[in-house]
Amino acid sequence: MTTKQYNNLKFSKEGTIGIITLSRPKALNALNTELLLELKDIVKAISQDETVHVLIITGDGKAFVAGADITEMKDFNSVMGLKYGELGASVFKKIENLKIPTIAAVNGFALGGGCELAMCCDIRIASENAKFGQPEVGLGISPGFSGCVRLARLAGLAKARELIYTADIIPASEAEKIGLVNKVVPPEQLMEAAIEMARKIASKAQIAVRYSKMAINKGIETDIETAIAFENQVFALCFSTEDQKEGMTAFVDKRVPEFKVK
Ligand code: DAK
């Protein structure tokens, strides 16, 4: 795995769990071009590293990510906007399509591009002081990293419309109520809770976890018949893995399975 040093993020590992900490606290981890390029680089490295089974993304300081960098964006022309947008979209898509499960450990503000980044992850765990919102319309833009699409899918059309049109910022407790967040914990327990969930996932059969992720992601994008047919295929493929034999044999033998990602 990479030992590269980055200016705006840190990467660490706890066993098979990878942790990206976005670290540009002076600007509340706002996504400028340099940070996005570094994120792209580390996500690529993780996608090629078979030893990382679950990824956690979190932020340094009082924010997860306070959005795209307004200072950088302010003077963009449309060509620059397009370039920035393409970079961001490619990073977010890469995170969403990582074959391993991802958890956003949301430690503070997750606004605009920050909320969109959290929504690219499979699971969101928030600290009690986290805040979520898509405040773009207050800045003269609409959400640009798929916030309209992902918020509507996660929280439903009514809430997505309300939050995006009003630019309201909501606390973690409300984000949990509307389905945007899986779980809310006290700030000091955030990383522990994220790591505990990551460990639980990492203890299961990883090929089956990854096939499930594929079936969920494909399923949400397609009609129900195609989605179910795809799910059936990945289900069948599990029977060609050693981990399926091990999982079921361990059940019959009344012991804990030892999965090998094979
Ligand atoms: N960008 C740049 N700097 C930011 C920032 C941001 N998004 N958010 C905060 N900062 C900076 C502040 O300017 C301040 O810097 P200094 O003045 O100290 O130099 C420092 O971080 C600390 O912030 P505050 O002093 O404001 O801290 P407070 O606790 O008082 O307030 C806050 C925290 C999060 C409520 C406030 O900072 C705030 O409202 N921030 C902006 C939040 C926001 O509007 N986020 C949405 C950004 S728009 C695109 C696709 C997507 C996007 C754009 C284009 N394309 C496809 C082209 C995405 C757009 C967005 O995300």
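Student: What's the story with the site of the ligand in this structure? I'm lost.
Tutor: Lys62, Ala66, Ala68, Ile70 and Gly113 are the nearest of the 25 residues found near the ligand. Backbone polar atom of Lys26 to an oxygen atom of the ligand: 3.3 Å apart, as the coordinates give it. In this structure, Ile70 approaches the ligand through a main-chain N or O atom, which is 2.9 Å from a nitrogen atom. Listed by contribution, the elements that provide at least two residues to the shell around the ligand are α2 (70–73), α3 (78–96) and β6 (109–111). For the shell around the ligand, the residue count by class is 14 nonpolar, 7 polar and 4 charged.

Student: Sorry, what's going on with the sheet that holds strand β8 (residues 131–133) here?
Tutor: Whether parallel or antiparallel, the strands of a sheet pair through hydrogen bonds between backbone atoms. Reading across from one edge, β4-β6-β8-β9 is the order of the 4 strands in this open sheet, with mixed pairing throughout. The strands lining the two open edges of the sheet, one partner per strand, are β4 (63–65) and β9 (169–171). The mean angle between the axes of side-by-side strands here comes to 20°, regardless of whether they run parallel or antiparallel. Across 3 bridges, the pairing between β6 and β8 is parallel. Counterpart to Phe109 in the pairing with β8 is Lys131.

Student: So what exactly am I meant to see when it comes to a nonpolar patch on the surface here?
Tutor: The grouping of Ile70, Leu139 and Ile141 at the surface amounts to a nonpolar patch, some 260 Å² of accessible area in total. When you line up the elements, Ile70 lands in helix α2. Here Ile70 falls in the partly exposed class, since its relative accessible area comes to 45%.

Student: I keep staring at the nonpolar core and nothing clicks. Help me out?
Tutor: What tends to happen in soluble globular proteins is that the nonpolar side chains get buried as a cluster. Counting residues in each nonpolar core, the largest one holds 48 residues, and the members touching the most others are Ile20, Leu22, Leu39, Phe64, Ile95, Val106 and Phe132. Ranked by residue count, the leading element in this core is helix α1 (residues 33–47), at 6 residues. By size, the runner-up hydrophobic cluster in this structure holds 16 residues, among which are Ile123, Leu190, Ile201 and Val209.

Student: What should I look at first to understand the side chain of Thr241 in this one?
Tutor: Inspection of the secondary structure puts Thr241 in the loop between α10 (224–238) and α11 (242–253). A polar contact is formed between the side chain of Thr241 and the backbone oxygen of Cys238, at a distance of 2.6 Å. With near-sequence residues (within four places) excluded, Thr241 lies in contact with Ile207 and Lys262.

Student: Explanation requested: the sheet that holds strand β5 (residues 102–106) in the structure shown.
Tutor: Reading across from one edge, β1-β2-β3-β5-β7-β10 is the order of the 6 strands in this open sheet, with mixed pairing throughout. Edge positions in the open sheet fall to β1 (9–14) and β10 (183–185), since each of these has one partner strand only. Between one strand axis and the next, the sheet turns through 20° on average, direction left out of account. By the bridge criterion, 4 bridges tie strand β3 (residues 54–59) to β5 in an arrangement that is parallel. The residue bridging Thr58 from the neighbouring strand is Ala105, located in β5. Docked against the sheet, helix α8 (residues 190–202) engages β1, β2 (17–22), β3, β5, β7 (123–127) and β10, running at close to 165° with respect to β3.

Student: Explain the packing of aromatic side chains to me, please; I cannot follow it from the model alone.
Tutor: Between two aromatic rings, the relevant description is the distance of the centres plus the angle of the planes. Scanning all chains against the criterion turns up 4 aromatic pairs. Pairing Phe76 with Tyr84 gives two aromatic rings, centres 5.6 Å apart and planes at 55°, and the pair type is tilted. By relative accessible area, Tyr84 is classed as buried at 7%. A network of ring pairs unites the aromatic residues Phe76, Tyr84, Phe92 and Phe145 as a single cluster.

Calculation notes
- Residues numbered from 1 in each chain as written.
- Predicted model: local features only at pLDDT ≥ 70, side-chain atom pairs only at ≥ 80, totals over all residues.
- Heavy atoms only, no water.
- Near = heavy atom within 4 Å.
- Polar contact = N/O pair within 3.5 Å; in protein donor to acceptor, adjacent residues only side chain to side chain.
- Helix = DSSP H or I, 4+ residues; strand = E, 2+ residues; numbered from the N terminus.
- Nonpolar A, V, L, I, M, F, W, Y, C, P; charged D, E, K, R; others polar.
- Pairing = 2+ DSSP bridges.
- Axes fitted to C-alpha atoms, helices over the stretch in contact; angles between N-to-C directions.
- Patch = residues over 30% accessible without salt bridge, like charges linked within 9 Å, V, L, I, M, F, W, Y side chains within 5 Å.
- Areas by Shrake-Rupley, 256 points an atom, 1.4 Å probe, with all protein chains shown as cover.
- Salt bridge = Lys/Arg side-chain N within 4 Å of Asp/Glu carboxyl O.
- Buried < 20%, exposed > 50% of the residue type's maximum accessible area, 1.4 Å probe, protein only.
- Core = buried A, V, L, I, M, F, W, Y, C linked by side-chain atoms within 4.5 Å.
- Contact = heavy atoms within 4.5 Å.
- Phe/Tyr/Trp six-rings, centres within 6.5 Å; stacked < 30°, edge-to-face > 60°.

Note that every value here comes from positions in space, so none of it alone points to a role or purpose.
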